[in-house]
Amino acid sequence: MAVPPNTDAAFLREVDEELRRDQLATAWRSYGKVAIGVVVLALLAFGGWLLWHSHQLETAGEEGETLSKAYEDIGGAHPDAAQGKLNTLAGSSVGGYRALALMSQADILLQKQDLRGAAAKFAQVATDASLGQPFRDIALIRQTSAEFDTLKPEVVVGRLRGIAVKGNPWFGSAGELVAISYLRMGRRDLAGTLFGQIAREPDISETLRQRAVQMAGVLGVDAVTQAKDQKSQ
């Protein structure tokens, strides 16, 4: 005798498949439009970012060219012609160009003996938290140098003590101002020690090193011998 088909199992499979189709249809009706909207928004956002990034690159290239032309004007002894270009770059959204423009403006003011105006430009860079620390440090040193004769030595030490340490890229420049301030405070011991450290620093300009060696010698620190001993080790 032939075995009758298992109609119950076949029926259950049909019901299960129908239920799955119904669930998919319900899910699509409930969430399909939302899913499409999310995908569209993501694509629009990505496209917008690409356009913004492209615009940023184009703007940076144009500003780099403007800065180059400003430096050509300065090198050709036409600082007034450079000022217009630097004024535009001083408001740049690119931190590096903004910092360089402001410090270049400060240098032009220094040439005109406008120490207060130059210090104000350097201060804008020094206090700009969006800039990298090396930019801010050198701007603070330049600001302090422009204001040096009007500042109390304690103020100079307070400003630059954290920069005037070995390992900092501006150690030599900051250290010299701090050491001179120690002298003004009557702390010859601290000044001599710091001048000696500067004299033994390998990564500073030869002019700065010679000044430090001379000052260290005057203050009783034999920086020359110690520097030779370091090189021979």
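Above this text you will find the structure in question.
Report on the accompanying structure. (Residues numbered from 1 in each chain as written. Predicted model: local features only at pLDDT ≥ 70, side-chain atom pairs only at ≥ 80, totals over all residues. Heavy atoms only, no water.)

### Topic: the side chain of Glu201
Logical step 1: Along the chain, the position of Glu201 falls in the loop between α8 (188–199) and α9 (206–218).
Logical step 2: There is no salt bridge for the buried Glu201, and the closest opposite charge comes from Lys166, which lies 4.3 Å off by N-O distance.
Logical step 3: Setting aside residues no more than four positions away along its own chain, Glu201 makes contact with Lys166, Phe171 and Arg209. (Helix = DSSP H or I, 4+ residues; strand = E, 2+ residues; numbered from the N terminus. Buried < 20%, exposed > 50% of the residue type's maximum accessible area, 1.4 Å probe, protein only. Lys, Arg positive; Asp, Glu negative; His and termini not counted. Salt bridge = Lys/Arg side-chain N within 4 Å of Asp/Glu carboxyl O. Contact = heavy atoms within 4.5 Å.)

### Considerations on the environment of Leu151
Logical step 1: Structurally, Leu151 can be placed in the loop between α5 (133–147) and α6 (153–160).
Logical step 2: Residues Leu151 and Ser181, spaced 30 residues apart in sequence, show a C-alpha to C-alpha distance of 9.7 Å.
Logical step 3: Beyond its immediate stretch of four places on either side in the chain, Leu151 contacts Thr144, Val156, Arg159 and Arg184.

### Section: the packing of helix α3 (residues 95–111) against helix α4 (residues 115–126)
Logical step 1: Between α3 and α4, whose axes approach to 8 Å, the crossing angle comes to 165 degrees. With respect to each other, α3 and α4 are oriented roughly antiparallel. Crossing handedness for the pair α3 and α4: left-handed. On the side of α3, the interface is formed by Ala99, Leu102, Met103, Gln105, Ala106, Asp107, Leu109 and Leu110, while α4 contributes Leu115, Gly117, Ala118, Lys121, Phe122, Gln124 and Val125.
Logical step 2: Looking at side-chain class alone, the contact of α3 with α4 contains ten nonpolar, three polar and two charged residues. (Axes fitted to C-alpha atoms, helices over the stretch in contact; angles between N-to-C directions. Parallel < 35°, antiparallel > 145°, perpendicular 65-115°, else oblique. Left-handed = near helix turned anticlockwise from the far one by under 90°. Nonpolar A, V, L, I, M, F, W, Y, C, P; charged D, E, K, R; others polar.)

### Observations concerning the nonpolar core
Logical step 1: In terms of nonpolar packing, the biggest core is built from 39 residues, with Val125, Ile141, Leu160, Val178, Leu194, Phe195 and Ile198 touching the most fellow members.
Logical step 2: Secondary structure elements with two or more residues in this core: α3, α4, α5, α6, α7 (171–184), α8 and α9.
Logical step 3: The dominant element in this core, judged by the number of residues it contributes, is α7, at six residues.
Logical step 4: Setting aside its immediate chain neighbours within four residues, Ile198 contacts Phe171, Gly172, Gly175, Glu176, Ile204, Leu208 and Ala212.
Logical step 5: Judged by nonpolar contacts, the second largest core, of seven residues, contains Leu67, Ala82, Leu86 and Ile108. (Core = buried A, V, L, I, M, F, W, Y, C linked by side-chain atoms within 4.5 Å.)

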